[in-house]
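Remarks on the overall topology
The lines below spell out each chain.
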Amino acid sequence: MKRKTIVLAAVLFVVIAAITAFAAAFPLKYKNEVERFSEKYSVDKSLVYAVIKAESNFRPERISDKGAIGLMQIMPDTAEYIGKEFYGGRKFDLFKPSDNIEAGCFYLAYLTERFSDLTAMLAAYNAGEGNVRLWLKRNNAETLDIDSIPFEETRKYVKKVKFFLKVYRTML
C-alpha cells in the first residue's frame, strides 16, 4: 500500500509539474486587452495570443532587428498608416500593451479582409502585403501554400503561428 501511495504521489507531482510548465509556456497575459480588441475587430482571440507568442513571447518592450515594436511586433510606419487612414491621425504607443494589441488586432482584421486564407494572411503580417500579392500572382493562385513562400523566415513564422494557434484553441 505504501508503495502505491508513493507511486501515485510521484505521478501526481509529474502531472502538476507538466501542467504548470505548459501554462508558463503558453500564457494568457493581457487577457482584458486581447478579449476587448479581438471582439472589437472580430479576430479569433486564439490567433491574437498565437501572434503575440510568436512575435514577442509576451514582452511589451521587445524591438526586432527590423524595428518592429511591442507585443505584436508592429512596424512604426504600419501603426502610423493605421492611425492616419482609419483613426483620424491617432498615434499608437506601440510599447503600451493596449495600443499594441489594438493596432495588431486591427491589422489582423485588415489582412483577413484582403486574403482568403490564413497562410496568406499570416505571411502578409510577417513579410508584407505586397510580397504576398506578388507570390500569389507568380503562382497564379488565390491561396498560399506554406512551401511556396520564398522567404524562409516567413515560412517558419507561419508554421510557428499555426502551431501556437492550435495550442491556444485547445486552451480557450
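To keep things clear, this report deals only with the structure shown in the data block.

Conventions used here
Residues numbered from 1 in each chain as written. Predicted model: local features only at pLDDT ≥ 70, side-chain atom pairs only at ≥ 80, totals over all residues. Heavy atoms only, no water. Helix = DSSP H or I, 4+ residues; strand = E, 2+ residues; numbered from the N terminus. Buried < 20%, exposed > 50% of the residue type's maximum accessible area, 1.4 Å probe, protein only. Contact = heavy atoms within 4.5 Å. Areas by Shrake-Rupley, 256 points an atom, 1.4 Å probe, with all protein chains shown as cover. Salt bridge = Lys/Arg side-chain N within 4 Å of Asp/Glu carboxyl O. Arc of directions from axis to C-beta. Lys, Arg positive; Asp, Glu negative; His and termini not counted. Polar contact = N/O pair within 3.5 Å; in protein donor to acceptor, adjacent residues only side chain to side chain.

With respect to the overall build of the chain
- Helix and strand counts for the chain come out as eight helices and zero strands.
- Counted from the first residue to the last, the chain has its helices and strands arranged as α-α-α-α-α-α-α-α.
- By the burial criterion, 42% of the 172 residues in the chain qualify as buried.
- Counted over contacts in the chain with a minimum sequence separation of 6, partners at least 24 positions apart contribute 55%.
- Surface accessibility of the chain: about 10,100 Å² in total, with carbon and sulfur atoms responsible for 56%.

Some words on the environment of Glu 35
- As for its placement among the helices and strands, Glu 35 is situated in helix 2 (residues 31–40).
- Using a relative accessible area of 32% as the deciding quantity, one classes Glu 35 as partly exposed.
- Residues Glu 35 and Ser 46, spaced eleven residues apart in sequence, show a C-alpha to C-alpha distance of 9.7 Å.

So, the pattern of salt bridges
- Taken as a whole, this structure holds ten salt bridges when the rule is applied.
- Ionic pairing is found between Asp 44 and Arg 169, a salt bridge with its closest N-O pair at 2.8 Å. Residue Asp 44 is located in the loop between helix 2 and helix 3 (45–56), and its partner Arg 169 is located in helix 8 (residues 152–171); the two are separated by 125 residues in the primary sequence.
- Among the residues examined, Asp 44 registers a relative accessible area of 31% and is labelled partly exposed.

Considering helix 2
- All of the buried residues along helix 2 are Val 34, Phe 37 and Ser 38. Taken around the axis of helix 2, the buried residues stretch over an arc of 100 degrees, which confines them to a single face. Helix 2 presents Asn 32 and Glu 39 as exposed residues on the side facing more than 90 degrees away from its buried surface.

Side note on the side chain of Glu 55
- Within the secondary structure, Glu 55 is located in helix 3.
- Of the side chains bearing the opposite charge, Arg 62 lies closest to the buried Glu 55, which forms no salt bridge; the N-O distance is 6.6 Å.
- Reaching out from Glu 55, the side chain makes a polar contact with the side chain of Tyr 157 at a distance of 2.9 Å.
- What Glu 55 contacts, discounting residues up to four positions off in sequence, is Arg 62, Leu 71, Met 72, Gln 73, Tyr 125 and Tyr 157.

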